[in-house]
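# Structural characterization, general
Chain residues, written in single-letter form:
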Amino acid sequence: MVLAADGHVNEDGDGELEAWLAARDGASNAFTALELVCFHLSVAHDSLEPALRRFLALFARPPPLAGSALSREIERVHAELSAPSDGLREFYLLKALAQPDHPFSRFGAGDRRTLGGSAAREVEVRARVLAFWAERYVAERTVLVIVAPAPMRQLRAWAASALGAVPACLLY
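Residues numbered from 1 in each chain as written. Predicted model: local features only at pLDDT ≥ 70, side-chain atom pairs only at ≥ 80, totals over all residues. Heavy atoms only, no water.

### Structural notes on the confidence of the model for the chain
Formally: The quantity known as pLDDT measures the predictor's confidence residue by residue, on a range of 0 to 100. Residue contacts are counted whenever heavy atoms from the two residues lie within 4.5 Å of one another.
Here the chain averages 79 in pLDDT, while 85% of its residues score no lower than 70. Note that pLDDT drops below 50 for residues 3–14; the model gives that stretch 33 contacts with residues more than four away or on any other chain.

Here it is in structure tokens:
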């Protein structure tokens, strides 16, 4: 979902956040669990404030999914879900044991065949991703956790500044 930050996009439509973080001893990643999506990053402390601004800007508007970015993301998902793991085995076992009329029994992860395969299919997938983003990626469902060797007051100020771009965000 987070493929490009406003103003930090290369010619392929990929966000340049990874290169920016790597140059500052950092990295980011994400994972999807059954009940949540977790985006996380790490960076050298002296780069935390600008990293927060760049990272949280990704959530201020829908992902552009420009150029070949969607195709590459489909390939990443396919490769990740094609590799056998105990977690995937457990997931499919739980699905098999679920009541047939329960939505979980029908829930599945996408792969190259279901997510791509043709330009028309990718246009449909892009439209569905953007609709899902608009419905689900809202501030009211978001939690931000910052762990850093800085005073809480400073972290809160950095978060408030960075979250200003994300609509309807509440700080506690």
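### Examining the packing of helix α2 (residues 48–57) against helix α8 (residues 152–163)
Heads up, the condition is: Geometry is summarised by axes, namely lines fitted to C-alpha atoms with helices restricted to the contacting stretch, and by angles between N-to-C directions that run from 0 to 180 degrees. Numbering of helices and strands starts at the N terminus; helices are DSSP runs of H or I of at least 4 residues and strands are runs of E of at least 2. An angle counts as roughly parallel when it lies under 35 degrees, as roughly antiparallel when it exceeds 145, as roughly perpendicular when it falls between 65 and 115, and as oblique in every other case. Each crossing gets its hand from how the near helix is turned against the far one by less than a right angle, where anticlockwise is left-handed and clockwise is right-handed. For this classification, the nonpolar set comprises Ala, Val, Leu, Ile, Met, Phe, Trp, Tyr, Cys and Pro, the charged set comprises Asp, Glu, Lys and Arg, and every other residue, Gly included, is treated as polar.
Between α2 and α8, the least distance of the axes is 8 Å, while the angle of their chain directions is 30 degrees. One element, α2, and the other, α8, form an angle in the roughly parallel class. Along this stretch, α2 crosses α8, giving a crossing that reads as right-handed. Touching Leu-48, Glu-49, Leu-52, Arg-53 and Leu-56 of α2 are Leu-155, Trp-158, Ala-162 and Leu-163, all from α8. Here the contact of α2 with α8 is composed, by residue class, of 7 nonpolar, no polar and 2 charged.

### Description of the packing of aromatic side chains
Both the distance between ring centres and the angle between the ring planes are used here to describe each pair of aromatic rings. Heads up, the rule is: Each Phe, Tyr or Trp ring (for Trp, its six-membered ring) is paired with any other whose centre lies within 6.5 Å, and the angle between the two planes then decides the class: stacked below 30 degrees, edge-to-face above 60, tilted in between. For the exposure calls, accessible area comes from a 1.4 Å probe over protein chains only, and a residue counts as buried if that area is under 20% of its type's maximum, exposed if over 50%, partly exposed in between.
Summed over the entire model, instances satisfying the criterion amount to 2 aromatic pairs. Between Phe-91 and Tyr-92, the ring centres sit 4.9 Å apart and the planes meet at 75 degrees, which makes this aromatic pair edge-to-face. On the accessibility criterion, Phe-91 (13% relative accessible area) is buried. The exposure class of Tyr-92 is partly exposed, given its relative accessible area of 40%. Centre to centre, the rings of Phe-91 and Phe-104 are 5.9 Å apart; their planes meet at 90 degrees, and the pair counts as edge-to-face. Of this pair, Phe-91 sits in helix α4 (residues 86–97) while Phe-104 sits in helix α5 (residues 103–106); the two residues are 13 residues apart in sequence, bridging distant segments of the chain. Given the relative accessible area of 19%, Phe-104 is considered buried. Put simply, the rings of Phe-91, Tyr-92 and Phe-104 touch in pairs and so form one group of aromatic residues.

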